[in-house]
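Commentary on secondary and tertiary structure
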Amino acid sequence: MDFRQLRTFSCVAELGSLSKASDKLRIAQPALSRQIKLLEHELRAELFTRSGRGMVLTEAGRLLLARTSGIVRQIDQIRDDIQSAAGAPSGRVVLGLVPTVSCVLSARLARRTVETYPGISLCIVESYSGHLIEWLHRGEMDLAIIYGPSADLHLAIQSLGRDRIVAVGPRGSGLAKKKQVGMDWLLRQKLVLPSHSHGLRALIERAAAKRKLKLDVQLEADSFRVLTSLVEEGLGYSLLPPSSVRGEIDAKRLEAAAISGQAPMRELVIASPIDHPDSTATSVVTELLRSETAACRSEGLWDIRLG
């Protein structure tokens, strides 16, 4: 298979459109279409279903994308590293952030990257740890800040620190007046949590199992904004880092209270694929992440114990 064909295929799959891929790659649309047809002929399989709404991957196309997207990214990074060796770092970096970190770091990091390294194209993807780990394993992402524990992740890990978790409830819940609640009391309330594949849910499930309690989870939300809006509506409590809901608390849309006793902490790690080295651009962004994390802590914006 020709690398140009694979790169074209990857771009069309990402954008879902030949015309958009043509604009991004700066290659005429008929030439892109010809490359896709040659690839389909070689593989003896249709890779896309073509319709008025764009290009949709077939089952064969999804298989090819899963197997080759990481390879395409690695070759692109090799080119970027060779070019960076003679000058300033350049290239594309895909960074994943869990939502509770993204709301604190993403804008600051983007600004620092643009101001300090204009040759780096930064793509920030916000999702829960379960999804980010999958994309890292598939080679579709260069690095991510996720929650540990880091054992058995099969990723290259750098410890970033530990994040404190507090009880979060709607306005009028009384948490602000209480200032502190017990974990046993909290786990007996109606809860709004992510689904089972994500780190926050696993943390709370372990805490409940330790106390031999059954969680009352009537609502699940795999979108952080949906989760906090459900709590605002009074549909349940959640457990989150205070930094992630600082704006809602200041606006008095949510209330928070510390958890008494041995309050839960979550390990934050910078993770990257274990099967290929970081590019120059990825290494630079990693250092910016560490720098901005320390700055947020010193400014009182993030209650994280650096590690």
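Residues numbered from 1 in each chain as written. Predicted model: local features only at pLDDT ≥ 70, side-chain atom pairs only at ≥ 80, totals over all residues. Heavy atoms only, no water.

1. Some points on the overall build of the protein chain
Counting its regular elements, the protein chain contains 12 helices and 14 strands. The principal-axis extents of the C-alpha atoms in the protein chain amount to approximately 65 × 45 × 35 Å. The burial tally for the protein chain puts 50% of its 307 residues in the buried class. A separation of at least 24 residues holds for 74% of the contacts in the protein chain among residues at least 6 apart in sequence. Accessible surface, the protein chain: about 15500 Å² in total, of which carbon and sulfur atoms supply 51%. Taking the 41 positively charged and 34 negatively charged side chains of the protein chain as two groups, their mean positions are separated by 4 Å. (Helix = DSSP H or I, 4+ residues; strand = E, 2+ residues; numbered from the N terminus. Buried < 20%, exposed > 50% of the residue type's maximum accessible area, 1.4 Å probe, protein only. Contact = heavy atoms within 4.5 Å. Areas by Shrake-Rupley, 256 points an atom, 1.4 Å probe, with all protein chains shown as cover. Lys, Arg positive; Asp, Glu negative; His and termini not counted. Charge placed at Lys NZ, Arg CZ, Asp CG, Glu CD.)

2. Notes on the side chain of Arg201
Mapped onto the fold, Arg201 is located in helix α9 (residues 199-210). Of the polar contacts made by the side chain of Arg201, one reaches the backbone oxygen of Pro194; its length is 2.8 Å. For Arg201, the contacting residues outside a window of four places in its chain are Leu193, Pro194, Ser195, His196, Val217 and Glu220. (Polar contact = N/O pair within 3.5 Å; in protein donor to acceptor, adjacent residues only side chain to side chain.)

3. So, unusual backbone geometry
Here Arg44, not a glycine, exhibits a phi torsion of approximately 55 degrees, which is positive. Topologically, Arg44 is positioned in the loop between α3 (29-43) and β1 (48-51). In this structure, Lys212 takes a positive phi of about 55 degrees despite not being glycine. Along the chain, Lys212 falls in the loop between α9 and β10 (216-220).

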